[in-house]
Amino acid sequence: MKKYAAELTGTYILVFCGTGAMVIDQQTGGGVSHVGVAITWGLTVMSLIYGLGKVSGCHINPAVSIAFALSGRFKAQFLPGYIVSQVTGALMASFTLKFLFPGNSLLGATIPVGTEMQSFILELLLTFFLMLVIMNVAHGSKEQGQFAGIAIGGVIGLEAMFAGPICGASMNPARSIAPAIVSGHLEHLWLYVVAPTGGAALAIPVWKYLTSDRDK
């Protein structure tokens with residue numbers, strides 16, 4: 001239960017800070033800026049990894065949990081509890097932001113600027129890159145290596161910086177599910193569930209191939 005509580009708490013903080021930065025940027029007419037939003041996402045993930053990594057591994061992302069299970073580093077029996085905790089934490093954060101900013105129509109929901117296919121491919125590739133990094137810096141299924149927080153937070157900040165204006169750079173189904181449900185913008189949600197999950201899963205066989213001879 002401590003692991004589930006940590007995942008709920010971590011995902012709450014992630015979505016509250018990350019989408020909160022987006023909401024406040026809209027409310028203040030660009031006061032946070034796109035760069036500031038990207039940095040917020042990266043720093044939040046980095047801080048959470050160091051703060052919660054030893055408790056639950058700080059997955060705070062259903063796609064990451066699924067990929068860890070596929071890699072054999074994470075027991076599948078814990079997967080449903082992790083996903084439920086992550087989505088619940090994200091929903092709680094979006095409801096909090098809805099209470100604080102009732103006039104905001106998006107609440108940080110991920111909306112493609114171009115075509116759905118364009119954003120689908122971007123989300124697939126972004127999450128693939130992210131998961132490759134996670135697999136190489138995480139210990140087991142726990143993102144708690146000495147430099148794990150810096151590496152993973154850096155990748156998220158980088159990807160949000162350049163891809164955020166086009167696809168939202170979600171890389172996390174829970175992060176997209178919550179604001180979509182609370183704001184009522186469900187029209188593109190499928191791609192932000194399928195693409196990140198597929199991208200993270202695709203990274204596992206590639207990682208296994210690239211590291212198969214590492215210890216020989």
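Check the entry above for the structure.
## Quick look at the nonpolar core
The biggest cluster of nonpolar side chains holds 44 residues, and the ones touching the most others in it are Phe68, Leu130, Met131, Ile134, Ile152 and Ile156. Put simply, the parts of the chain that give this core at least two residues each are α1 (2-27), α2 (34-56), α3 (62-71), α4 (79-100), α5 (116-137), α6 (148-167) and α8 (189-211). Among the elements that make up this core, the one with the highest residue count is α5 (8 residues). In this structure methionine 131 touches Val64, Ala67, Phe68, Ala200, Ala203 and Ile204, once residues within four positions along its chain are discounted. Val15, Ala90, Ala180 and Leu189 belong to the second-largest nonpolar core, a separate cluster that totals 9 residues.

## Some details on unusual backbone geometry
Excluding glycine, a negative phi dihedral is what most residues carry, and trans is how most peptide bonds are arranged. Positive phi, normally seen in glycine, also occurs at serine 33, with a value near 80 degrees. Mapped onto the elements of the fold, serine 33 is located in the loop between α1 and α2. Given the relative accessible area of 30%, serine 33 is considered partly exposed. Phi at leucine 107 is positive, roughly 55 degrees, even though this residue is not glycine. A relative accessible area of 1% places leucine 107 in the buried class.

## Examining empty space enclosed by the protein
One pass over the full model with this rule turns up 2 cavities of 30 Å³ or more. Estimates place the volume of the largest cavity at around 180 Å³. Lining the largest cavity are 18 residues, with Leu14, Val45, Asn61, Ile156 and Asn172 positioned closest to its centre. Considered class by class, the residues forming the lining of the largest cavity number 12 nonpolar, 4 polar and 2 charged. What the second largest cavity holds in volume is close to 40 Å³. Taken together, Ala109, Thr110, Ile111, Ser176, Ala180, His185, His188, Leu189 and Tyr192 make up the lining of the second largest cavity. Class assignment of the residues belonging to the lining of the second largest cavity gives a composition of 5 nonpolar, 4 polar and no charged.

## Structural notes on the packing of aromatic side chains
Per the counting criterion, the structure on display carries 6 aromatic pairs. Here the aromatic rings of tyrosine 12 and phenylalanine 16 are separated by 6.0 Å at their centres, their planes lie at 5 degrees, and the arrangement is stacked. With tyrosine 12 and phenylalanine 16 both in helix α1 and 4 residues apart, the pair spans about one turn of that helix. The partly exposed category is assigned to phenylalanine 16, whose relative accessible area is 30%. Clustering of aromatic rings is evident, with ring pairs tying together Tyr4, Phe74, Phe78 and Tyr82.

Quick notes on the rules
Residues numbered from 1 in each chain as written. Predicted model: local features only at pLDDT ≥ 70, side-chain atom pairs only at ≥ 80, totals over all residues. Heavy atoms only, no water. Core = buried A, V, L, I, M, F, W, Y, C linked by side-chain atoms within 4.5 Å. Buried < 20%, exposed > 50% of the residue type's maximum accessible area, 1.4 Å probe, protein only. Helix = DSSP H or I, 4+ residues; strand = E, 2+ residues; numbered from the N terminus. Contact = heavy atoms within 4.5 Å. 1 Å grid on protein atoms, 1.4 Å probe; cavity = no way out; pocket = protein on both sides within 12 Å on 5 of 7 lines; lining within 4 Å. Points joined across faces, edges and corners; volume = space filled by probe spheres on them. Nonpolar A, V, L, I, M, F, W, Y, C, P; charged D, E, K, R; others polar. Phe/Tyr/Trp six-rings, centres within 6.5 Å; stacked < 30°, edge-to-face > 60°.

These values are about where atoms sit, not about what they do.
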